[in-house]
Amino acid sequence: MDIIVCIKRVPETAEADLVIDKSKKGIDTDGLVFSINEWDNYAVEAAIQLKEAQGGKITVISVGPEENNEVLRRALAMGADEAIRLTDPAFEGSDATAMAKILAAAIRELPHDLILTGVQADDDGFGAVGVALAQMLDLPYAALVTDINLEGDTMTVHRELEGGLEEVDKLKLPALLTIQTGINEPRYVSIMGIRRVAKKEIAAKGASELALSGNEVGPEGSMSQIEELFFPPVGEGAEIIEGTMDEKAEALVKIIKERGGVA
Amino acid sequence: MEEQQQPLAERLDLFACIQCGKCTGGCPVSIRSPLNIRKVIRESTVREDLHIFFNRLEIWDCTTCSTCAIRCPRGLSPVDAIIGLREMMVEEGKIEKTVIDALDGAYKYGNPWGRAKNKRAEWAQDLDIPNAMEMEPGQVLYFVCCAASYDPRIQVIAKSLVAVLRAAGVSFGILGNKEVCCGSEIRRMGEAGLFEMLMEENMKNFAKIDPGVIVTTSPHCMNALKNDYDGLGCDVKHYSQFVWGLIEEGKLTFDTPVPMKVTYHDPCYLGKQNGVFDEPRDILKSIPGIDFVEFGRCRENSLCCEGGGGRMWMEGTGIGKRLSEVRVEDALEMGVEAIITACPFCLLTLEDAVKTTGNEEKLKVIDLMELASMAIGNSPETENEF
């Protein structure tokens with residue numbers, strides 16, 4: 001079975017003090033730590049578990065500059081077999097649909113039974129590349145997948161819905177799944193493991209090799225553009241409690257009691 | 001460090017084991033955990049496939065206190081077999097989520113709590129401590145490390161040490177945001193490659209600074225720098241050793257009495273593993289007003305607090321009373337007002353145990369430098385502690 005996993009390199013923002021850059025359409029990434037998009041990490045693990053259970057070959061693909069080799073190499077250390085990086089100045093400024101076009105162009109040339117992506121990306125949160133890609137490749141798909149069971153060329157998958165509901169779907173391969181966090185426990189990738197694959201070649205492909213013209217990708221080939229990025233204005237209603245630890249605790253208990261938090 | 005191709009038993013000379021069982025007999029966690037270190041050694045020598053250990057969570061119960069290594073009559077280091085097994089599990093990625101988070105944090109942010117790099121020196125922002133990178137060679141480098149940089153309770157130790165060093169007229173610098181985790185716990189959780197990476201990063205900075213001595217907050221960092229780092233080429237001291245030196249040289253005296261009946265808990269990495277038993281006690285005894293009594297289990301026989309060897313990120317499989325709770329109960333029986341210790345992990349585990357046993361009104365846990373800072377006339381840093 002040929003499994004393809006699309007992965008993205010994103011900045012970690014949970015602990016960082018973010019600064020919006022001069023264009024007001026992005027963030028200043030200086031000093032930020034980058035890693036594999038959290039959802040994609042679960043997708044890579046899901047692929048490896050499928051391979052461990054019934055064999056096959058895993059190819060990981062990422063769109064972006066040379067730095068993306070970090071996440072591709074990490075996926076190789078984790079258990080993927082091949083890695084491809086799609087890169088071209090023309091790809092810059094691509095939205096989710098243009099990204100899907102780039103990925104689709106590469107995947108069409110590769111044997112594929114199953115394509116996995118993360119549900120969404122940590123940074124832009126579109127949640128669209130996976131499903132757009134399925135559409136372009138004319139594949140059946142399921143989004144928000146939390147369980148995969150393969151039987152021959154049929155797959156039973158669970159989807160996580162709102163309100164605690166879980167849906168079970170049957171799909172025929174080839175198909176595409178967008179993977180939800182929590183589907184598995186991604187394994188740890190050790191530094192020695194990464195060093196072991198340090199010399200493994202990562203193929204890079206540009207727009208011409210993918211037979212993509214300039215107006216199909218980048219801003220021209222996109223359906224939407226980012227207009228502005230800003231921090232929501234600070235609202236009213238926050239009260240900072242002052243005093244010693246005991247006074248603070250007392251005041252806090254009083255407020256919680258008044259608002260009906262405790263009897 | 002070369003990649004470990006050699007089988008564990010050969011690499012650690014485990015065939016020399018005579019199965020006397022002194023290791024398990026002395027192992028503090030064997031009281032509450034299924035971990036049987038003698039049996040682990042035996043199995044490592046006779047089993048061909050060490051994957052049998054992979055599902056045994058108790059391998060992570062070991063606190064790496066090293067009592068087993070001290071007691072082994074054949075001079076073996078059974079604790080290294082545990083670390084070796086953890087290394088295998090790490091290589092296959094089969095480790096607990098909390099351990100993964102700690103390792104990821106150390107890799108990405110240089111500290112196992114995954115806190116932001118640029119907030120590492122925030123504790124010192126009002127203290128005006130010189131940047132060690134701009135110091136003359138041969139000076140004192142204070143290696144703060146992670147717990148003291150990020151944990152508000154442990155920051156108090158760092159601030160107290162700074163006050164004590166200044167009272168003794170010592171000029172010193174810190175690495176600030178350039179410092180990364182010493183890697184002690186990372187190595188003991190089995191991530192040898194990451195340990196090496198952290199070591200190289202710190203060594204690069206040490207080489208630029210060329211310090212005369214490195215003083216550490218934690219015995220774990222002192223041990224790592226001194227015994228695990230390759231070719232450091234400068235003296236490393238835990239603060240208790242350095243501060244006692246200042247007292248001996250007459251540079252530091254304690255004028256403010258601290259009337260308190262206390263006992264002292266030996267951190268394993270300071271006492272058992274590095275033989276530093278007297279200096280902390282000597283400091284304690286030179287503080288006027290201190291009424292010092294020993295734990296029954298002290299010095300080489302001190303009971304481990306269960307905070308080492310990665311246990312800060314693993315609760316462990318042990319059942320019943322935590323050893324830190326046993327320690328607290330022993331202290332209460334002795335009628336002391338406070339347990340004094342000299343290690344961030346000991347402080348945190350013992351203080352937790354005071355809370356879980358409901359003895360916050362009866363017993364304090366105080367770091368030796370907090371006490372020293374009070375003895376030079378400073379008021380206690382933690383408003384709730386005293």
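Residues numbered from 1 in each chain as written. Chains lettered and ligands numbered in written order. Predicted model: local features only at pLDDT ≥ 70, side-chain atom pairs only at ≥ 80, totals over all residues.

Trainee: An account of the overall build of chain B is requested, with residue identities and associated values reported.
Mentor: Summing up its helical and strand segments, chain B has 16 helices and 8 strands in all. Its C-alpha atoms give chain B a radius of gyration of 20 Å, within 12% of the compact-globule value 21 Å for 386 residues. On the principal axes, the C-alpha backbone points of chain B span a range of 60 × 50 × 35 Å. For chain B, with 386 residues in total, the buried portion stands at 53%. Counted over contacts in chain B with a minimum sequence separation of 6, partners at least 24 positions apart contribute 78%. (Helix = DSSP H or I, 4+ residues; strand = E, 2+ residues; numbered from the N terminus. Rg over C-alpha atoms; globule rule 2.2 N^0.38 Å. Buried ≥ 20, exposed ≤ 12 C-beta atoms within 10 Å, placed from the backbone. Contact = placed C-beta atoms within 7 Å.)

Trainee: Break down the overall build of chain A for me, with residues and values.
Mentor: For chain A, the helix and strand inventory stands at 6 helices and 11 strands. By principal-axis analysis of the C-alpha atoms, chain A measures approximately 65 × 45 × 40 Å. Residue burial in chain A is summarised as follows: out of 263 residues, 38% are buried. When contacts within chain A are restricted to residue pairs at least 6 apart in sequence, long-range pairs at least 24 apart make up 70% of them.

Trainee: Quick rundown of the pairing of strand β4 (residues 57-63) of chain A? Include the residues and the values.
Mentor: Residue and element names in this part refer to chain A. In terms of residue burial, β4 counts as a mostly covered element, since 6 of its 7 residues are buried. Note: strand β1 (residues 2-6) against β4, 5 bridges, orientation parallel. Residue isoleucine 4 lies in a different strand from β4, and its bridge partner there is threonine 59. The pairing of β4 with strand β5 (residues 82-86) spans 5 bridges and is parallel. Residue valine 60 lies in a different strand from β5, and its bridge partner there is alanine 83. (Pairing = 2+ DSSP bridges.)

Trainee: Account for the interface of chain B and chain A, naming residues and giving values.
Mentor: In this complex, chain B contributes 22 residues to the contact, which on the side of chain A involves 17 residues. For the side of chain B that touches chain A, the secondary-structure elements that each account for two or more residues are α5 (78-91), α6 (97-109) and α10 (192-209) of chain B. Sort the elements by how many residues they give to the side of chain B that touches chain A and α6 of chain B lands first, with 5 residues. Its residues assigned to classes, the side of chain B that touches chain A comprises 9 nonpolar, 5 polar and 8 charged. (Nonpolar A, V, L, I, M, F, W, Y, C, P; charged D, E, K, R; others polar.)

Trainee: I'd like a rundown of helix α13 (residues 278-285) of chain B, residues and numbers included.
Mentor: Along α13 of chain B, the residues classified as buried are Glu279, Pro280, Arg281, Ile283 and Leu284 of chain B. Looking at the buried positions of α13 of chain B, the neighbouring elements they touch are α12 (239-248), β5 (260-264), β6 (290-293), β7 (338-341) and α16 (368-375) of chain B.

Trainee: If you had to explain the domain arrangement of chain B to someone new, which residues and values would you point to?
Mentor: Residues and elements named next belong to chain B. The assigned domain composition of chain B is domain 1 (8-91), domain 2 (97-247) and domain 3 (252-375). Computed from C-alpha atoms alone, the centre-to-centre distance between domain 2 and domain 3 is 22 Å. Contributions of two or more residues to the side of domain 2 that touches domain 3 are made by α6, α7 (146-150), α8 (152-167), α9 (184-188), α11 (219-228) and α12. Broken down by element, the side of domain 2 that touches domain 3 gets its largest block of residues, 9 residues, from α8. (Domains from an automatic or database assignment.)

Trainee: Which residues make up the sheet that holds strand β7 (residues 141-151) of chain A, and what values do they have?
Mentor: Residue and element names in this part refer to chain A. One open sheet holds the 9 strands; their spatial order is β9-β8-β7-β10-β6-β1-β4-β5-β11, and the pairing between them is mixed. Pairing within the sheet leaves two strands with one partner each, and these edge strands are β9 (166-172) and β11 (203-205). Averaged over all adjacent pairs, the angle separating strand axes in this sheet is 30 degrees, with direction ignored. Bridging between β5 and β11 involves 3 bridges; their strand directions are parallel. Among the inter-strand pairings, arginine 85 is bridged to a residue of β11, identified as alanine 204. Here helix α1 (residues 38-54) sits on the sheet and contacts β1, β4, β6 (114-118), β7 and β10 (175-179); the angle it forms with β6, its principal contact strand, is near 150 degrees. Against the sheet, helix α3 (residues 96-108) makes contact with β1, β4, β5, β6 and β11, and its axis sits at roughly 145 degrees relative to β4, the strand it touches most. (Axes fitted to C-alpha atoms, helices over the stretch in contact; angles between N-to-C directions.)

Trainee: Kindly report on α5 of chain B, identifying the contributing residues and their values.
Mentor: All names here are of chain B. Between the first and last C-alpha of α5 there are 20 Å, a value that for 14 residues agrees with the 20 Å anticipated at 1.5 Å per step. Judged by how many residues are buried, α5 sits mostly within the fold: 13 of 14 residues are covered. Glycine 93 sits one or two residues past α5 and shows a positive phi near 75 degrees. (Expected span 1.5 Å × (residues − 1).)

Trainee: Account for the environment of glycine 93 of chain A, naming residues and giving values.
Mentor: All names here are of chain A. Mapped onto the elements of the fold, glycine 93 is located in the loop between β5 and α3. With 16 C-beta atoms counted inside 10 Å, the residue glycine 93 sits in the partly exposed group. Setting aside residues no more than four positions away along its own chain, glycine 93 makes contact with Gly218 and Pro219.

Trainee: Go over the nonpolar core with me, naming the residues and quoting the values.
Mentor: Ranked by internal contacts, the top residues of the largest apolar core, which has 193 residues, are Val5, Ile102 and Leu103 of chain A. Ranked by the residues each element gives to this core, the list is headed by α8 of chain B, at 10 residues. Contacts of valine 5 of chain A, omitting those with residues within four sequence positions, involve Ala43, Val44, Ala47, Ile58, Val60, Ala80 and Leu116 of chain A. (Core = buried A, V, L, I, M, F, W, Y, C linked by C-beta atoms within 7 Å.)

Trainee: So what's going on with the pairing of strand β3 (residues 213-216) of chain B? Residues and values would help.
Mentor: Residue and element names in this part refer to chain B. Direction of pairing for strand β1 (residues 140-143) relative to β3: parallel, over a ladder of 4 bridges. Of the residues in β3, the one forming a bridge with valine 140 is valine 213. Here β3 pairs with strand β4 (residues 235-238) via 4 bridges, running parallel. The partner of valine 213 across the bridge, within β4, is aspartate 235. Viewed along the sheet, the connection from β3 through α11 into β4 turns out right-handed. (Right-handed = clockwise from strand over helix to strand, strands pointing away.)

Trainee: Pulling in residues and values, what's your account of the packing of α3 of chain A against helix α4 (residues 129-136) of chain A?
Mentor: All names here are of chain A. At their nearest, the axes of α3 and α4 sit 8 Å apart, and the two run at 50 degrees to each other. Between α3 and α4, the crossing angle belongs to the class labelled oblique. Pair α3 / α4 crosses with right-handed handedness. Every residue of α4 that contacts α3 at Ala96, Thr97, Met99, Ala100, Lys101, Leu103 and Ala104 is listed here: Val129, Ala132, Leu133 and Met136. Its residues assigned to classes, the contact of α3 with α4 comprises 9 nonpolar, 1 polar and 1 charged. (Parallel < 35°, antiparallel > 145°, perpendicular 65-115°, else oblique. Left-handed = near helix turned anticlockwise from the far one by under 90°.)

Trainee: Before we move on, can you summarise the sheet that holds strand β8 (residues 364-367) of chain B with the specific residues and values?
Mentor: Residue and element names in this part refer to chain B. Taking strand neighbours across the sheet as the criterion, the 4 strands line up as β6-β5-β7-β8 in an open arrangement whose pairing is parallel. Among the strands making up the open sheet, the edge pair consists of β6 and β8. Put simply, the sheet's adjacent strands are angled 35 degrees from each other on average, direction ignored. Two strands pair when backbone bridges link them, and β5 and β7 are joined in this way by 3 bridges, in the parallel orientation. Across the sheet, residue tyrosine 264 finds its bridge partner in β7, namely isoleucine 340. Along the sheet, α13 contacts β5, β6 and β7; its crossing angle with β6, the most-contacted strand, is approximately 145 degrees. Docked against the sheet, α16 engages β7 and β8, running at close to 80 degrees with respect to β8.

Trainee: Let's hear about the environment of aspartate 255 of chain B: which residues, and what values?
Mentor: All names here are of chain B. Tracing the backbone through its elements, the reader meets aspartate 255 in the loop between α12 and β5. Residue class for aspartate 255 comes out exposed when judged on the 10 C-beta atoms lying within 10 Å of it. Along the chain, aspartate 255 and isoleucine 376 lie 121 residues apart, while their C-alpha atoms are 5.9 Å from each other.

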